[in-house]
There are 2 protein chains.
Amino acid sequence: MTARPANAHQARLLKLLRDQGPNSRAQLGDQIELSRSKLAVEIDRLLETGLVVADGLAASRGGRRSHNVRLAPGLRFLGVDIGATSVDVAVTNAELEILGHLDEPLDVRDGPVAVFEQVLAMAGKLKDAGLAEGFDGAGIGVPGPVRFPDGVPVAPPIMPGWDGFPVREALSQELGCPVMVDNDVNLMAMGEMHAGVARSVRDFLCVKIGTGIGCGIVAGGAVHRGVTGSAGDIGHIQAVPDGRPCACGNRGCLEAHFSGAALARDATEAARQQVSAELAARLETHGTLTAVDVAAAAAAGDATSLELIREGGTRTGQVIAGLVSFFNPGLVVIGGGVTGLGHTLLAAIRTQVYRQSLPLATGNLPIVLGELGRTAGVIGAARLISDHLFSPA
Amino acid sequence: MTARPANAHQARLLKLLRDQGPNSRAQLGDQIELSRSKLAVEIDRLLETGLVVADGLAASRGGRRSHNVRLAPGLRFLGVDIGATSVDVAVTNAELEILGHLDEPLDVRDGPVAVFEQVLAMAGKLKDAGLAEGFDGAGIGVPGPVRFPDGVPVAPPIMPGWDGFPVREALSQELGCPVMVDNDVNLMAMGEMHAGVARSVRDFLCVKIGTGIGCGIVAGGAVHRGVTGSAGDIGHIQAVPDGRPCACGNRGCLEAHFSGAALARDATEAARQQVSAELAARLETHGTLTAVDVAAAAAAGDATSLELIREGGTRTGQVIAGLVSFFNPGLVVIGGGVTGLGHTLLAAIRTQVYRQSLPLATGNLPIVLGELGRTAGVIGAARLISDHLFSPA
């Protein structure tokens, strides 16, 4: 795909077709402020670029039947969501529907060269499966702050070797298509906004609790990234005065008290000290414990695991309560690996937010789990690159 | 003024003339994406409305001399900034320059009827002084959350009698002009953005410490108000776990530990217990103590007052540190009544934020006092109504 929309009207038409699927000229006209003749001109120009194709006649609305159009069915986006310990790669069509999706374990600390070798191999597998001949664009999420215009990670704490690596440029060359790069949490928020629980919500927070903890901020329908791309970095907000030492050098950071990593550490401690027979048995069997074990133990009624989840939820809720008072969002979405902890976690977070934030800010505030699970990030990645490609160059 | 811009180009031209003053057609053309002939059409239409007037010939740029235009010199905006214990009323021209400014003590708890009687009397005085024949629009700030589209205060904690009062509608009738209403802290942020320390900054926080404490949030050049208009209500973020009881029913809220009101209470306590001879003497003389007394005592070297300011700054800094990590602003402005506490307060806030937020978020982050003092709110109010009037109807 080399064509880009020539103006804001064409960009808007492309986004409508992406978000609503095939549509008639008449119904597109209802949603866009253009005279019938000017609309026809813009759609004809999009047909000429090949971005849009004719799609038969629409049902009659009384009078002459309108022609349907749709985004070119051969367009393909690659969505990549790199986490600390795993990676998701998916192919979507131009309507951002997932045509194929792979996930594999990965260690982000192996550095960009090794990681992108794996990512490109996964993309190759999806191609070999006949899902794409090539890609028209790719969105990449990484678990750290990104200097957004350049697509370069900056000082990412859990990604040694990535600081300043030109992800956008390097992948764009390898893939032979335009690439956009963003923080993984922002992509999760965009995914839930496009196809998940945050559809049609214009101001919301998306808290991702995985190995670390971060927050996607959507204000007025757009992701707020902050001046250095580090907005939403809530893992180092102080949750406990003079609390646990954190890798960042401070004490009491949220992430030191609750995150996938903190939970695994606490569970291992409880197993070793024989506080929980359930966790001790799992440690014996697996040799190591993760949030998944804590979730399973909690589901089996293990009191220690339930208490760890509740305490973590309360800490997280304390921080979110402050953010709710500050930002006054219309929705809070909880996502990431620890959503396996499910409703125990959610209940603890809700209790704390509803107790601690002002009633005016929480009166109509839903706090919910994300709907898309592992696919949120890759859908968000496809959305990111499509937003770029469906804007005037 | 009944005319409004007919399209986005005219709106942009009006805002350029407001923010940059009189200008030549040629220089306006350099800043706006319009062909020379279309630009001429839009400017001619604005001249016809009377919003813009001719202003002589510009200096030559080589070639034919361009004609200057400016906003109609007779346009008048009223800016009103209602605080908990005082009110500021000012008249500006269309370039938002203050032509006259009055401030008076006031008790917001007297309710909207009494308060607006006083405000209208002050506006009348400014008229009588020959500064305006009438007003083309008015912006009003109130010290509480506002349902922005309607201009109605909602559940304002320190404003009994104001909940649901139709400020916008009532004042619009009284003044015979369009009115917009906003939270006072948002107006301070808009004032500092228009004419103060935040000029040309697109993402910043403006923390106002007066009787209470609140925060204006500017994202991408626009005020973020939140879904119920309560964004920036940081006074009830927990600063001290299990801390002092707060009027909101929780414990440890920032406002319970530091604000103009909390400082006055702490100072009175210190005076009564004879911890500070300086404060005791002032209490004896004045019968009551305010933040102004604490500032004066601190300036005279009173250790207790200095310690109160430092402690308050540290608490405030703890909360701001979390907001900086979350929002990643390009600037933090400290304003409001307690800026009389000056650099002792600022130093304590800075120490805490620079120590506690991540280096990536604070690397280039200035934390400064506001530049405009009492005029920030009224300039912000004039900016608010001009933004409204200089947009297509």
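Residues numbered from 1 in each chain as written. Chains lettered and ligands numbered in written order. Predicted model: local features only at pLDDT ≥ 70, side-chain atom pairs only at ≥ 80, totals over all residues. Heavy atoms only, no water.

Colleague: Would you explain the interface of chain A and chain B in this entry?
Modeller: Often, the extent of an interface is quoted as the loss of accessible area on bringing the components together. Listed per partner, the contact involves 37 residues of chain A and 37 residues of chain B. With both chains or domains summed, chain A and chain B bury close to 3,100 Å², and 62% of this area falls on carbon and sulfur atoms. The largest share of the area that chain A buries against chain B comes from Phe326(A), Asn328(A) and Leu360(A), three residues that together contribute 25% of it. Across the chain A-chain B interface, the total number found is 0 salt bridges. Applying the counting criterion to the chain A and chain B interface returns 20 residue pairs in polar contact (both at pLDDT 80 or more). Going through the elements one at a time, strand E12 (213–219), helix H11 (303–327), helix H12 (342–356) and helix H13 (359–362) of chain A are the ones with two or more residues in the side of chain A that touches chain B. (Contact = heavy atoms within 4.5 Å. Buried area = accessible area lost by both parts, 1.4 Å probe. Salt bridge = Lys/Arg side-chain N within 4 Å of Asp/Glu carboxyl O. Polar contact = N/O pair within 3.5 Å; in protein donor to acceptor, adjacent residues only side chain to side chain. Helix = DSSP H or I, 4+ residues; strand = E, 2+ residues; numbered from the N terminus.)

Colleague: Help me understand the pattern of salt bridges, please; the structure alone is not making it clear to me.
Modeller: As a working rule, side chains carrying opposite charge can pair if their charged atoms are close by. Under the definition given, this model contains 34 salt bridges over all chains. In this structure, Lys125(A) and Glu104(A) form a salt bridge, with 2.9 Å as the shortest nitrogen-oxygen distance. Placement of the pair is Lys125(A) in helix H4 (residues 112–128) and Glu104(A) in strand E6 (residues 98–105), with a sequence separation of 21 residues. You can call Lys125(A) partly exposed: its relative accessible area is 47%. Residues Glu371(B) and Arg199(B) are paired through a salt bridge, measuring 3.8 Å at the closest nitrogen-oxygen approach. (Buried < 20%, exposed > 50% of the residue type's maximum accessible area, 1.4 Å probe, protein only.)

Colleague: What am I meant to see in the domain arrangement of chain A here?
Modeller: Residue and element names in this part refer to chain A. On domain assignment, one finds that chain A holds domain 1 (8–71), domain 2 (77–193 + 375–389) and domain 3 (197–369). Computed from C-alpha coordinates alone, the two centres of domain 2 and domain 3 are separated by 24 Å. Contacts between domain 2 and domain 3 engage 17 residues on the former and 22 residues on the latter. When domain 2 packs against domain 3, close to 1,500 Å² is buried across both sides, 62% of that on carbon and sulfur atoms. The tally of links between domain 2 and domain 3 comes to 2 salt bridges. Notably, a salt bridge pairs Lys208 with Asp184, separated by 2.9 Å at the nearest N-O pair. Linking domain 2 with domain 3 are 5 residue pairs in polar contact (both at pLDDT 80 or more), by the criterion used here. If you tally residues by element for the side of domain 2 that touches domain 3, the top one is helix H6 (residues 184–195), at 8 residues. Residue composition of the side of domain 2 that touches domain 3, by class: 11 nonpolar, 2 polar and 4 charged. (Domains from an automatic or database assignment. Nonpolar A, V, L, I, M, F, W, Y, C, P; charged D, E, K, R; others polar.)

Colleague: Can you walk me through the relation of the copies chain A and chain B in this structure?
Modeller: Each of the two copies of the chain can be brought onto the other by a rotation about an axis and a shift along it. For the pair chain A and chain B, the best superposition has an RMSD of 0.0 Å and corresponds to a rotation of 180 degrees with a translation of 0.1 Å parallel to the axis. The two molecules are tied by a two-fold rotation axis, judged by turn and shift. A shared binding surface is used by both copies, with 100% of the interface residues of chain A retained as interface residues in chain B. (Least-squares fit on C-alpha atoms with pLDDT ≥ 70 in both.)

Colleague: What should I look at first to understand the sheet that holds E12(A) in this one?
Modeller: In any sheet, the strands associate via hydrogen bonds between backbone groups, in a parallel or an antiparallel arrangement. All names here are of chain A. Strand order in the open sheet formed by 5 strands is E13-E12-E11-E14-E15, and the pairing between neighbours is mixed. This sheet does not close on itself; its edge strands, each paired only once, are strand E13 (222–223) and strand E15 (367–369). In terms of strand pairing, strand E11 (residues 204–209) meets E12 through 6 bridges, oriented antiparallel. Its bridge partner being in E12, Val207 is matched across the sheet by Cys215. Sitting on the sheet, H11 is in contact with E11, E12 and strand E14 (332–335), with an inclination near 160 degrees to E11. (Pairing = 2+ DSSP bridges. Axes fitted to C-alpha atoms, helices over the stretch in contact; angles between N-to-C directions.)

Colleague: Where do I start with the nonpolar core in this structure?
Modeller: The tendency in soluble globular proteins is for nonpolar side chains to be buried side by side. One finds Phe326(A), Ile334(A), Phe326(B) and Ile334(B) to be the most contacted residues of the largest nonpolar core, which totals 91 residues. Listed in part, the 43 residues of the second largest apolar core include Ile32(B), Phe77(B), Leu96(B) and Leu331(B). (Core = buried A, V, L, I, M, F, W, Y, C linked by side-chain atoms within 4.5 Å.)

Colleague: Explanation requested: the sheet that holds strand E5 (residues 86–92) of chain A in the structure shown.
Modeller: Residues and elements named next belong to chain A. Spatial strand order, E6-E5-E4-E7-E10: 5 strands in an open sheet with mixed pairing. Of all strands in the sheet, those with a lone pairing partner are E6 and strand E10 (179–183), marking the two edges. Between one strand axis and the next, the sheet turns through 15 degrees on average, direction left out of account. Contacts from helix H5 (residues 167–175) reach strand E4 (77–82), strand E7 (137–142) and E10, with the element oriented near 140 degrees to E10.

Colleague: How should I be thinking about H4(A) in this particular structure?
Modeller: Structurally, the α-helix is built with 3.6 residues per turn, so residues lying three or four positions apart point the same way. All names here are of chain A. The terminal C-alpha atoms of H4 lie 24 Å apart, and with 17 residues this matches the ideal 24 Å at 1.5 Å per residue to within 8%. Turning to H4, its buried residues number three or more, namely Pro112, Val115, Phe116, Val119, Met122, Ala123 and Leu126. Projected down its long axis, H4 shows its buried positions confined to an angular sector of 120 degrees, all on one face. Exposed positions of H4 whose direction lies more than 90 degrees from the buried face are Val113, Glu117 and Asp128. As for H4, its buried residues are in contact with E4, E5, E6, E7 and H5. The positive-phi residue at the C-terminal boundary of H4 is Gly130, with phi of around 85 degrees. (Expected span 1.5 Å × (residues − 1). Arc of directions from axis to C-beta.)

Colleague: How should helix H6 (residues 184–195) of chain B be read in this particular structure?
Modeller: All names here are of chain B. For H6, with 12 residues, the first-to-last C-alpha span of 16 Å sits near the 16 Å given by 1.5 Å per residue. Taken across its 12 residues, H6 has 11 buried, putting it largely inside the fold. Asp184, Val185, Asn186, Leu187, Met188, Ala189, Met190, Gly191, Glu192, Met193 and His194 are the residues of H6 that are buried.

Colleague: I would appreciate a short explanation of the side chain of Glu42(A) in the present structure.
Modeller: Residue and element names in this part refer to chain A. Within the secondary structure layout, Glu42 lies in helix H3 (residues 36–49). Residue Glu42 is classed as buried on the basis of its relative accessible area, which comes to 9%. A polar side-chain atom of Glu42 sits 3.2 Å from a polar atom in the side chain of Asn7. Beyond its immediate stretch of four places on either side in the chain, Glu42 contacts Asn7, His9, Gln10, Leu13 and Leu34.

Colleague: In this structure, what is going on with the packing of aromatic side chains? I would like to understand it.
Modeller: The relative placement of two aromatic rings is captured by the distance of their centres and the angle of their planes. As enumerated under the stated definition, the model contains 9 aromatic pairs over all chains in all. Taken together, a centroid distance of 6.2 Å and an interplanar angle of 65 degrees make the contact between Phe77(B) and Phe390(B) edge-to-face. Highlighted residues: Phe77(B) in strand E4 (residues 77–82) and Phe390(B) in the segment after helix H14 (375–389), separated in sequence by 313 residues. When sorted by exposure, Phe77(B) lands in the same class as Phe390(B), which is buried. Seen in terms of ring centroids, Phe116(B) and Trp162(B) are 5.4 Å apart; in terms of plane orientation they differ by 70 degrees. Their pairing is edge-to-face. On the criterion of sequence distance, the pair formed by Phe116(B) in helix H4 (residues 112–128) and Trp162(B) in the loop between strand E9 (152–153) and helix H5 (167–175) is long-range, its members being 46 residues apart. By the burial criterion, Phe116(B) is buried, and Trp162(B) matches it. Taken together, the aromatic side chains of Phe326(A), Phe327(A), Phe326(B) and Phe327(B) make up a single cluster linked through ring pairs. (Phe/Tyr/Trp six-rings, centres within 6.5 Å; stacked < 30°, edge-to-face > 60°.)

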